[in-house]
Amino acid sequence: ETGVTQTPRHLVMGMTNKKSLKCEQHLGHNAMYWYKQSAKKPLELMFVYNFKEQTENNSVPSRFSPECPNSSHLFLHLHTLQPEDSALYLCASSQDGPGAAKNIQYFGAGTRLSVL
Amino acid sequence: RKEVEQDPGPFNVPEGATVAFNCTYSNSASQSFFWYRQDCRKEPKLLMSVYSSGNEDGRFTAQLNRASQYISLLIRDSKLSDSATYLCVAQSGGSYIPTFGRGTSLIVHP
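Below, the structure is looked at part by part. (Residues numbered from 1 in each chain as written. Chains lettered and ligands numbered in written order. Predicted model: local features only at pLDDT ≥ 70, side-chain atom pairs only at ≥ 80, totals over all residues. Heavy atoms only, no water.)

Notes on the overall build of chain B
So, step 1. Counting secondary structure elements, chain B contains zero helices and eleven strands.
So, step 2. For chain B, the N- to C-terminal ordering of α and β elements is β-β-β-β-β-β-β-β-β-β-β.
So, step 3. Rg of the C-alpha trace for chain B: 13 Å, near the compact-globule value of 13 Å for 110 residues, within the 12% margin.
So, step 4. On the principal axes, the C-alpha backbone points of chain B span a range of 45 × 30 × 20 Å.
So, step 5. Counting the 110 residues in chain B, one finds 46% classified as buried.
So, step 6. Taking as baseline every contact in chain B between residues at least 6 positions apart, the subset at least 24 positions apart corresponds to 58%.
So, step 7. Accessible area for chain B stands at about 5,300 Å²; split by element, carbon and sulfur atoms hold 47% of it.
So, step 8. With 11 positive and 10 negative side-chain charges, chain B shows a separation of 5 Å between the mean positions of the two kinds. (Helix = DSSP H or I, 4+ residues; strand = E, 2+ residues; numbered from the N terminus. Rg over C-alpha atoms; globule rule 2.2 N^0.38 Å. Buried < 20%, exposed > 50% of the residue type's maximum accessible area, 1.4 Å probe, protein only. Contact = heavy atoms within 4.5 Å. Areas by Shrake-Rupley, 256 points an atom, 1.4 Å probe, with all protein chains shown as cover. Lys, Arg positive; Asp, Glu negative; His and termini not counted. Charge placed at Lys NZ, Arg CZ, Asp CG, Glu CD.)

As structure tokens, then:
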């Protein structure tokens, strides 16, 4: 266990559905991240939050809407997704601050999303 | 665009072999470097950080060449359980946002 929990682990949704992915970290970290991982593609950084403030939005379509109510919780709200959005969505956290040790990313197990 | 480049492989090696992966990074301001391991259908996990002077952890050795902007990972005496994808990561000094490579696939066979 890495201390980062994601739910659900698997999700199948239609293009008209609305769903949310949840991430919770128990590590006392300040920064949280959403990544998308598609087959045969590198990890794509989607959003970054530091101390609950969004600091990075990597040109992600508006059908993905993040929410960070506090430093321990991160959500990704999904609506009107497309089949090409099917992928593994990974949440991660890090401590932040100077020094390599604080930059280590701790990942959750991911949500495997299929959009029909 | 700041990128990290890796040969996707796969590297197909027999048990006991020594295998090396290289990774190049384009951002000269990168200060922190890591290797992560990702097993099939699992999340990435830190394998080791990469220090300027190079570092070793058991059968794994990581090296950094700042002049040429590449890092390497050497695995000695490969085990079947080493089969995975190895992700290279570079991060700018003062930034908590990492850049991941696409990963190098290693398959160790009996």
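Quick look at the environment of Leu-87 of chain B
So, step 1. On the secondary structure map, Leu-87 of chain B appears in strand E9 (residues 84-92).
So, step 2. Given the relative accessible area of 2%, Leu-87 of chain B is considered buried.
So, step 3. As for Leu-87 of chain B and Tyr-70 of chain B, which are separated by 17 residues in sequence, their C-alpha atoms are 13 Å apart.
So, step 4. In this structure, Leu-87 of chain B is in contact with Leu-43 of chain A together with Gln-6, Phe-34, Trp-35, Tyr-36, Gln-38, Pro-44, Phe-100, Gly-101, Arg-102 and Gly-103 of chain B, ignoring residues within four places of it in sequence.

A closer look at the state of the cysteines
A covalent bond bridging the sulfur atoms of two cysteines is what the word disulfide describes.
So, step 1. By the definition in use, this model includes two disulfides over all chains.
So, step 2. A sulfur-sulfur separation of 1.9 Å characterises the disulfide bridge that pairs Cys-23 of chain A with Cys-91 of chain A. Classification of the bridge connecting Cys-23 of chain A and Cys-91 of chain A rests on its S-S torsion, roughly -75°, and on that basis the disulfide is left-handed. Separated by 68 residues along the polypeptide, Cys-23 of chain A in strand E3 (residues 18-25) and Cys-91 of chain A in strand E9 (residues 87-94) bring together distant segments of the chain.
So, step 3. For Cys-23 of chain B, the disulfide goes to Cys-88 of chain B, at an S-S distance of 1.9 Å. Negative torsions about the S-S bond denote left-handed disulfides, and the value of about -75° found for Cys-23 of chain B with Cys-88 of chain B makes this one left-handed. Of this pair, Cys-23 of chain B sits in strand E3 (residues 19-25) while Cys-88 of chain B sits in strand E9, placing them 65 residues apart in sequence.
So, step 4. Given the relative accessible area of 1%, Cys-23 of chain B is considered buried. (Disulfide = S-S within 2.5 Å.)

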